[in-house]
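# Per-entry structural report
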Amino acid sequence: MAGRDYMGIPREEIPWYPTINADLCNSCGSCLDFCSNNVFAQGELHMEVANPYNCVVGCSACANECETGALSFPSKEELVKKLHELRDKYKTTV
Amino acid sequence: MNNEAKSTQHVKKAILMCTCSFACPSMKDINFGELSERIRLELPHDYMLLHPRLCEENGENLLADLLKDNVLYVTPACKEEKQKKLLRDGFEKAGVKMDNNWKPVSISFKNTETAFNDIKKALEEV
Ligand code: SF4
Ligand code: SF4
Ligand code: SF4
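Description of the structure in this document. (Residues numbered from 1 in each chain as written. Chains lettered and ligands numbered in written order. Predicted model: local features only at pLDDT ≥ 70, side-chain atom pairs only at ≥ 80, totals over all residues. Heavy atoms only, no water.)

### Brief notes about the overall build of chain B
Note the following rule: Runs of E in the DSSP output that reach at least two residues are strands. Runs of H or I that reach at least four are helices, and both are numbered from the N terminus. Both definitions apply: the radius of gyration is a C-alpha atom measure, and the globule rule equals 2.2 Å times residues to the power 0.38. Buried, partly exposed and exposed residues are distinguished by accessible area as a fraction of the type maximum, computed with a 1.4 Å probe on protein chains only: under 20%, between the cut-offs, and over 50%, respectively. Whether two residues are in contact is decided by their heavy atoms: any pair within 4.5 Å suffices. Method for areas: the Shrake-Rupley scheme with a 1.4 Å probe, in which residue coverage is limited to the protein chains shown.
Regarding its fold elements, chain B presents 5 helices and 4 strands. Against the compact-globule benchmark of 14 Å for 126 residues, chain B has a radius of gyration of 13 Å, which places it among compact chains. Expressed along its principal axes, the backbone C-alpha trace of chain B runs to roughly 35 × 30 × 25 Å. Counting every position in chain B, which comprises 126 residues, the buried fraction comes to 51%. In chain B, once contacts between residues fewer than 6 apart in sequence are set aside, the share between residues at least 24 apart is 74%. When the accessible surface of chain B is summed, it comes to about 6100 Å², and 46% of that surface belongs to carbon and sulfur atoms.

### Observations regarding the interface of chain A and chain B
Rule in force here: Basic side-chain nitrogens of Lys or Arg form a salt bridge, by our definition, when they fall within 4 Å of a carboxyl oxygen of Asp or Glu. Under the scheme applied, nonpolar residues are Ala, Val, Leu, Ile, Met, Phe, Trp, Tyr, Cys and Pro; charged residues are Asp, Glu, Lys and Arg; polar residues are all the others, including Gly.
At the junction of the two partners, chain A supplies 19 residues and chain B supplies 20 residues. Counting the contacts that link chain A with chain B gives 1 salt bridge. Looking at the side of chain A that touches chain B, its residues break down into 9 nonpolar, 6 polar and 4 charged.

### A look at the pattern of salt bridges
Residues and elements named next belong to chain B. Throughout the structure, instances matching the rule amount to 13 salt bridges over all chains. Residues lysine 93 and glutamate 60 are paired through a salt bridge, measuring 3.1 Å at the closest nitrogen-oxygen approach. Note that lysine 93 is positioned in helix 3 (residues 80–94) and glutamate 60 in helix 2 (residues 57–66), a separation of 33 residues in sequence. Between lysine 103 and glutamate 125 there is a salt bridge, with its nearest N and O atoms 3.0 Å apart. Highlighted residues: lysine 103 in strand 4 (residues 102–106) and glutamate 125 in helix 5 (residues 112–125), separated in sequence by 22 residues.

### What about the nonpolar core?
Put simply, the test is: Residue types Ala, Val, Leu, Ile, Met, Phe, Trp, Tyr and Cys, when buried and joined through side-chain atoms within 4.5 Å, form a set referred to as a nonpolar core.
Residues Ile14(A), Phe40(A), Leu35(B), Ile39(B), Ile107(B) and Ile119(B) are the most contacted members of the largest nonpolar core, which totals 48 residues. Of all elements in the fold, only helix 1 (30–34) and helix 2 (76–90) of chain A together with strand 1 (12–18), helix 1 (32–42), strand 3 (71–77) and helix 5 of chain B reach the threshold of two or more residues within this core. Considering every element that reaches this core, the biggest residue donor is helix 5 of chain B, with 5 residues. Apart from residues no more than four positions distant in its own chain, Ile14(A) is found in contact with Tyr6(A), Ile9(A), Tyr53(A), Val57(A), Leu79(A), Leu83(A) and Leu86(A). The next biggest cluster of nonpolar side chains, apart from the first, holds 15 residues, and it includes Leu54(B), Val71(B), Tyr73(B) and Ala77(B).

### A word on the site of ligand 3
Note the following rule: Proximity criterion: a residue is near a molecule or strand once any of its heavy atoms comes within 4 Å of it.
In the vicinity of ligand 3, the residues found are Cys18(B), Cys20(B), Met27(B), Pro52(B), Arg53(B), Cys55(B), Ala77(B), Cys78(B) and Leu86(B). Classifying every residue of the shell around ligand 3 by side-chain character gives 8 nonpolar, no polar and 1 charged.

### Examining the pairing of strand 1 of chain B
For a regular strand, side chains alternate in direction, first toward one face of the sheet and then toward the other. Residue and element names in this part refer to chain B. Convention followed: Whether two strands pair depends on DSSP finding at least two bridges between them. Consider the strands pointing away from the viewer: the crossover is right-handed when the path from the first strand over the helix to the second runs clockwise.
Burial of strand 1 is extensive: 5 of the 7 residues sit out of reach of the surface. Pairing analysis gives 5 bridges linking strand 1 to strand 2 (residues 47–51), with the strands arranged parallel. What sits directly across from methionine 17, in strand 2, is leucine 50. For the segment spanning strand 1, helix 1 and strand 2, crossover handedness is right-handed.

### Overview of the site of ligand 1
By nearness alone, every residue bordering ligand 1 is listed as Cys25(A), Asn26(A), Ser27(A), Cys28(A), Gly29(A), Ser30(A), Cys31(A), Met47(A), Cys66(A), Thr68(A), Ala70(A) and Leu71(A). Taken together, the residues that form the shell around ligand 1 break down as 7 nonpolar, 5 polar and no charged.

### Remarks on the packing of helix 2 of chain B against helix 3 of chain B
All names here are of chain B. Quick reminder of the rule: Lines are fitted to the C-alpha atoms to define the axes, a helix being fitted only along its stretch in contact, and any angle between axes, read from their N-to-C directions, falls within 0 to 180 degrees. By definition, turning the near helix anticlockwise from the far helix through less than a right angle yields a left-handed crossing, and turning it clockwise yields a right-handed one.
In contact at an axis separation of 7 Å, helix 2 and helix 3 are set at 35° when each is read in the N-to-C sense. Like other packed secondary-structure pairs, helix 2 and helix 3 cross with a definite hand, here right-handed. Where helix 2 approaches helix 3, its residues Glu60, Asn61, Leu63 and Ala64 are matched on the opposing element by Leu86, Leu87, Asp89, Gly90, Lys93 and Ala94. For the contact of helix 2 with helix 3, the per-class residue count stands at 5 nonpolar, 2 polar and 3 charged.

### Let's talk about the sheet that holds strand 4 of chain B
Whenever strands of a sheet pair, they do so through backbone hydrogen bonds, lying parallel or antiparallel. Residues and elements named next belong to chain B. The 4 strands lie next to each other as 2-1-3-4, forming an open sheet whose pairing is parallel. The open sheet has two edge strands, strand 2 and strand 4, and neither has a second partner. For this sheet, the mean angle separating the axes of adjacent strands, direction not counted, is 20°. With 4 bridges joining them, strand 1 and strand 3 adopt parallel strand pairing. Its bridge partner being in strand 3, lysine 12 is matched across the sheet by valine 71. Against the sheet, helix 2 contacts strand 1, strand 2 and strand 3, and its axis sits at roughly 160° relative to strand 2. Lying over the sheet, helix 5 contacts strand 1, strand 3 and strand 4, oriented at roughly 160° with respect to strand 4.

Next up, the structure:
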């Protein structure tokens, strides 16, 4: 399943996806059940982010499903800063 | 889960469509411009709005301000169970009961045509 461009920027250029803290993840599977986008896959030791660029830019909804606090995302400020840089690079006018 | 809105005294039907930032891979086959225009022209409802992220603060603020008891809200967005969790706070802030006033429609893994038909069916059912 391919992601969509975001504001005319190729999805793979945007560093937005969940990071899993392996020490906190207990492999409960809640994030895997919650997200429809095939982002997560159950690894041998803990959940893994198998398809990071399927994550919807700016979404962090699965973090609320994780009872151990193992999921984290960049801050909104970091995202906005990166998008400014990338819009300059791709000369989009959004 | 009971997705059927129970009350019959709604005076209006509204469509609140969440576009998931126009970026969700599960909605990549939906042309939201075409879908919203077809809904506006062809389906019986009182008004519609599109929002890029109904489940976060900006969307919740909108729901809190907008929702009313006498309106039935059809929400094309992610899968129904997910919507139930994600939109709950907005309905709560507005003091409007999801059980009575809300009918979700999943447009995950649909294309423009199938999403349109599912929204049409939802409107016919309420
Ligand atoms: S919800 Fe949290 S604890 Fe459960 S599998 Fe996902 S990351 Fe691990
Ligand atoms: S942030 Fe949203 S799209 Fe990304 S993995 Fe979590 S639920 Fe899926
Ligand atoms: S409510 Fe669902 S469709 Fe809308 S932004 Fe949130 S996860 Fe995406």
